[in-house]
Amino acid sequence: MLCHMTTNADSSKPTRRRVPAGAAVLREDVTEAIRAAVFEELASAGYARMSIEGIARRAGVGKTAVYRRWKSKLHLVLDLVSAIAVQGLPAPDTGSLEADLRLLYEVTARALRHPVAGQIIPDLQAEAARNPEIAEALQKALREGQHGVASGIVRAAVERGELREGLDEELALDLISGPLYWRTVVVRAPKLPKDHLKRLSAATAAALKAL
C-alpha cells in the first residue's frame with residue numbers, strides 16, 4: 001500500500017511516496033551468478049536433468065532468488081539464449097573478404113570449441129527437437145548472431161566490388177556458416193588442422209565469388 005506523507009504547515013508540498021512493501025530490488029551480481037550457474041549446470045547435467053535447486057546451489061543463493069527472476073528453467077534458458085543473440089559476434093572490418101572470413105572463423109571456432117559450449121549446444125539442439133520454444137530461441141540466436149555478422153561481411157564485400165550485387169544471400173550465408181559448424185559441432189573433430197581456418201577462408205571466399 002502506498003503511503004502519502006504531507007505536513008499541516010504546507011499541504012501544497014509534493015507528496016513523497018514510499019516504495020511498496022515487499023517490492024524487492026534485484027541485485028545484478030546475483031543475477032549474473034545465477035546465469036553463470038545455469039551454463040555450468042547445463043554443461044554438467046544437461047537440460048532434462050537440470051533443476052532450479054541445482055542452479056541455486058551452484059550460484060550460492062536460495063531458490064526464491066531464481067524464481068524472482070524466472071518462473072521456470074525453460075524461461076531461464078530461453079533468456080540466456082536470447083542474451084547470446086543480442087551480444088552477437090564482433091563484426092570483422094579488415095577491408096578484405098577473405099580476411100573478414102578468417103577473423104570470423106577464428107572467433108567462432110574458439111567459441112564453439114569451448115568445453116562448456118561443446119556440451120550445451122548439442123544438448124539444446126536435442127531439446128529443440130522436442131520443444132518449439134527452445135527451437136525458436138536457438139534459431140533466433142543463430143540468425144541474429146552468426147548470420148547477422150555473416151550478412152555484414154557479404155554486404156561489405158559487395159560494396160567493395162569483391163562480390164556481385166544481387167547474389168543469393170541465403171546461399172552465401174550457408175556457405176559461410178555451414179562448414180565450420182559441421183566440423184566442430186556435428187562431427188566434433190577433436191582438433192582442427194593447423195592451417196584449416198586459413199584454407200577454409202580462401203575456399204569460402206572463392207565460392208562466394210562464384211555465386
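As a reminder, the structure under discussion sits directly above these lines.
Residues numbered from 1 in each chain as written. Predicted model: local features only at pLDDT ≥ 70, side-chain atom pairs only at ≥ 80, totals over all residues. Heavy atoms only, no water.

Peer 1: Would you explain the overall build of the protein chain in this entry?
Peer 2: Each helix and strand counted, the protein chain has nine helices and two strands in total. Each helix and strand of the protein chain, placed in order from N terminus to C terminus, yields the pattern β-β-α-α-α-α-α-α-α-α-α. Looking at the 211 residues of the protein chain, the share that counts as buried comes to 36%. When the accessible surface of the protein chain is summed, it comes to about 12800 Å², and 55% of that surface belongs to carbon and sulfur atoms. (Helix = DSSP H or I, 4+ residues; strand = E, 2+ residues; numbered from the N terminus. Buried < 20%, exposed > 50% of the residue type's maximum accessible area, 1.4 Å probe, protein only. Areas by Shrake-Rupley, 256 points an atom, 1.4 Å probe, with all protein chains shown as cover.)

Peer 1: I'm lost on the pattern of salt bridges in this one. Help?
Peer 2: Pairing is possible between side chains that carry opposite charge, provided their charged atoms lie close to one another. Evaluation of the coordinates by the stated rule reveals ten salt bridges. A salt bridge links R102 to E106; the shortest N-O distance between them is 3.0 Å. With a gap of four residues between them, R102 and E106 both fall in helix α5 (residues 97-112), about one helical turn apart. Relative accessible area serves as the criterion here: at 32%, R102 is assigned to the partly exposed category. For E106, a relative accessible area of 26% gives the class partly exposed. One continuous salt-bridge network, built from bridges that share partners, spans E28, E32 and R35. (Salt bridge = Lys/Arg side-chain N within 4 Å of Asp/Glu carboxyl O.)

Peer 1: I would appreciate a short explanation of the packing of aromatic side chains in the present structure.
Peer 2: Given two aromatic rings, their pairing is described by the distance between the two centres and the angle made by the two planes. All told, the structure shown has zero aromatic pairs when counted by the stated rule. Against the face of Y47 rests K73, its NZ or CZ located 4.6 Å from the ring centre. (Phe/Tyr/Trp six-rings, centres within 6.5 Å; stacked < 30°, edge-to-face > 60°. Lys NZ or Arg CZ within 6 Å of the ring centre and 35° of its normal.)

Peer 1: Help me understand the nonpolar core, please; the structure alone is not making it clear to me.
Peer 2: Here is a general trend for soluble globular proteins: nonpolar side chains tend to be buried in one another's company. Among the nonpolar cores identified, the biggest contains 28 residues, and I34, V38, I55, L76 and V77 are the most heavily contacted of them. Breaking this core down by element, the ones donating at least two residues are α1 (28-49), α2 (52-59), α3 (63-67), α4 (73-87), α6 (115-128) and α7 (132-160). In terms of residue count, α1 provides more of this core than any other element does, seven residues in total. With residues near it in sequence (within four places) discarded, V77 still touches V38, L42, Y47, M50 and L124. A109, A157, L197 and L200 belong to the second largest nonpolar core, which has 21 residues in total. (Core = buried A, V, L, I, M, F, W, Y, C linked by side-chain atoms within 4.5 Å. Contact = heavy atoms within 4.5 Å.)

Peer 1: Sorry if this is basic, but what is going on with α1 here?
Peer 2: The periodicity of an α-helix, 3.6 residues per turn, causes residues three or four positions apart to be oriented the same way. With 22 residues, α1 extends only 26 Å from end C-alpha to end C-alpha; this falls clearly short of the ideal 32 Å at 1.5 Å per step. Along α1, the helix axis deviates most sharply at A43, where the bend reaches about 85 degrees. Restricting attention to buried positions, one finds in α1 the residues V30, T31, I34, A37, V38, E41, L42, A43, A45, G46 and Y47. (Expected span 1.5 Å × (residues − 1). Bend = angle between axes of the 7 residues up to and from the residue.)

Peer 1: Before we go on, may I ask you to explain the packing of α5 against helix α8 (residues 169-186) in this structure?
Peer 2: Helix packing geometry: the angle between the two helix axes and the distance between the axes. Remark: α5 packs on α8, axes separated minimally by 11 Å, with the N-to-C direction vectors making an angle of 30 degrees. Between α5 and α8, the angle is such that the two are roughly parallel. Considering the relative orientation of α5 and α8, their crossing is right-handed. For the pair formed by α5 and α8, the contact residues are L101, L104, Y105, T108, A109 and L112 on the first element and L175, I176, L180, Y181, T184 and V185 on the second. A per-class count over the contact of α5 with α8 returns ten nonpolar, two polar and no charged. (Axes fitted to C-alpha atoms, helices over the stretch in contact; angles between N-to-C directions. Parallel < 35°, antiparallel > 145°, perpendicular 65-115°, else oblique. Left-handed = near helix turned anticlockwise from the far one by under 90°. Nonpolar A, V, L, I, M, F, W, Y, C, P; charged D, E, K, R; others polar.)

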